[in-house]
Amino acid sequence: MAGRPPKRPADSAVGSLFDDSPDIILPGPTAVPPPPGFPVTWMPRLGAEFGKPYFAELQAFVDAERADHPVFPLSDDVYTAFALTPPDGVRVVILGQDPYPTPGQGHGLAFSVRPGVVIPASLRNIYKELADDVGVVPPKHGYLKTWAEQGVLMLNAVLTVRAGVPNSHAGKGWEQFTDAALDAVNAGPPVVFLLWGNYAQKKAKRIDAARHVVLKSAHPSPLSAANGFFGSKPFSKINAALEHLGRPPIDWTLPAQVTAG
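Rules and cut-offs
Residues numbered from 1 in each chain as written. Predicted model: local features only at pLDDT ≥ 70, side-chain atom pairs only at ≥ 80, totals over all residues. Heavy atoms only, no water. Helix = DSSP H or I, 4+ residues; strand = E, 2+ residues; numbered from the N terminus. Buried < 20%, exposed > 50% of the residue type's maximum accessible area, 1.4 Å probe, protein only. Pairing = 2+ DSSP bridges. Axes fitted to C-alpha atoms, helices over the stretch in contact; angles between N-to-C directions. Contact = heavy atoms within 4.5 Å. Core = buried A, V, L, I, M, F, W, Y, C linked by side-chain atoms within 4.5 Å. Salt bridge = Lys/Arg side-chain N within 4 Å of Asp/Glu carboxyl O. Phe/Tyr/Trp six-rings, centres within 6.5 Å; stacked < 30°, edge-to-face > 60°.

K.L.:
Could you give an account of the overall build of the protein, with specific residues and numbers?
P.N.:
Broken down by element type, the protein carries eight helices and six strands. Taken from the N to the C terminus, the helices and strands of the protein come in the order α-α-β-α-β-α-α-β-β-α-β-α-β-α. Every one of the 261 residues in the protein was classed for burial, and the buried ones make up 48%.

Given below as structure tokens:
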């Protein structure tokens with residue numbers, strides 16, 4: 001019949017009803033939202049991990065553990081290291097193994113404890129070396145938030161632990177997630193990686209030593225501190241390395257009085 005508009009071809013069905021109106025864009029796959037407490041600043045680097053099967057299995061495991069046992073840190077604190085140190089601000093990475101398993105100690109920042117908590121033995125040894133190396137008088141607390149806020153990513157390889165059972169959440173998926181975080185930092189501007197002990201030093205293969213500075217020594221644990229941690233001068237070496245990289249040094253001084261937050 002004269003004057004009837006031609007039919008649209010079948011493959012244009014996704015488009016508009018009329019030729020002069022905009023096309024309708026069908027949505028793609030919906031991204032998996034981050035877990036509670038994970039900061040948006042890290043999403044471009046690590047957001048893809050949350051949609052992978054291993055992470056769903058990991059979260060199910062941690063949820064089941066929390067249902068039956070005390071687990072540390074508390075769920076709101078699991079991603080403290082990421083929250084305090086955004087990716088664009090990372091200057092130093094200090095890698096731990098897993099959180100302190102003693103109630104009240106672990107709060108998502110490797111080697112750190114909240115104000116009012118007894119300073120663990122490894123951190124007491126870190127403070128001793130801090131004083132011997134750069135002359136900083138250790139505070140009476142073990143809260144290392146000010147280091148994190150300056151760009152020191154204090155990251156445990158495993159982010160949760162059952163109370164009283166060290167390494168109880170190892171091999172459940174956290175290592176894959178934190179390896180992805182290390183890879184993200186490795187892909188960015190040059191930083192200093194401080195690897196204490198054999199466990200952390202196994203991660204050196206993920207680091208481009210031609211671009212970054214990698215420092216290694218014994219772990220500050222009482223079991224190994226006398227075998228190469230004491231006298232290793234990590235804090236002055238970090239700042240010398242940052243100067244070499246053209247980046248500002250870390251002020252290792254810790255405030256005498258702090259409040260958690």
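K.L.:
Please set out the pairing of strand β6 (residues 213-217) residue by residue, giving values where relevant.
P.N.:
The alternating pattern of β6 places Val213, Leu215 and Ser217 on a buried face, while none of Val214 and Lys216, on the opposite face, is buried. In the sheet, strand β5 (residues 192-196) pairs with β6 via five bridges, with the strands oriented parallel. Looking at the pairing, leucine 195 lines up with lysine 216 of β6.

K.L.:
Explain the sheet that holds strand β3 (residues 152-156) to me, and be specific about the residues and the numbers.
P.N.:
The four strands are arranged β3-β2-β5-β6 in an open sheet whose pairing can be described as parallel. With one partner strand each, in any of the chains shown, β3 and β6 form the two edges of the open sheet. Taken over all neighbouring pairs, the strand axes of this sheet differ in orientation by 20 degrees on average, direction set aside. Along the sheet, helix α6 (residues 174-186) makes contact with β2 (92-96), β3 and β5, crossing β3 at roughly 155 degrees.

K.L.:
Can you explain the nonpolar core? Please cite residues and give values.
P.N.:
Within the largest apolar cluster, 65 residues are counted, with the highest numbers of intra-cluster contacts made by Phe82, Trp147, Trp174 and Phe177. By residue number, the principal contributor to this core is α6, which donates six residues. Setting aside chain neighbours within four positions, we find phenylalanine 82 in contact with Phe38, Pro39, Trp42, Leu46, Leu155, Leu159, Phe177 and Ala181.

K.L.:
So, the pattern of salt bridges: which residues are in play, and what are the values?
P.N.:
Considering all chains together, one arrives at nine salt bridges under this definition. A salt bridge links arginine 162 to glutamate 65; its shortest N-O distance comes to 2.9 Å. Here arginine 162 is found in strand β4 (residues 161-162), whereas its partner glutamate 65 is found in helix α2 (residues 53-68), with 97 residues between them in sequence. Take arginine 162: its relative accessible area is 26%, and that puts it in the partly exposed class. Between glutamate 149 and lysine 145 there is a salt bridge, with its nearest N and O atoms 3.8 Å apart. Linking glutamate 149 with lysine 145, this pair stays in helix α5 (residues 145-149), spanning four residues, or about one helical turn.

K.L.:
Provide a residue-level description of the packing of aromatic side chains, including the pertinent values.
P.N.:
Inspection of the entire model under this criterion finds 21 aromatic pairs. Between phenylalanine 38 and phenylalanine 177, the aromatic rings sit 6.1 Å apart at their centres with planes inclined by 70 degrees, giving edge-to-face as the arrangement. Of this pair, phenylalanine 38 sits in the segment before α1 (43-46) while phenylalanine 177 sits in helix α6, and the two are 139 residues apart along the sequence. Between tryptophan 42 and phenylalanine 82 the ring centres are 5.1 Å apart and the planes differ by 85 degrees, which places this aromatic pair in the edge-to-face class. Here tryptophan 42, found in the segment before α1, pairs with phenylalanine 82, found in helix α3 (residues 80-84); they are 40 residues apart in sequence, far enough to count as distant. Pair check on accessibility: tryptophan 42 and phenylalanine 82 agree, each one buried.

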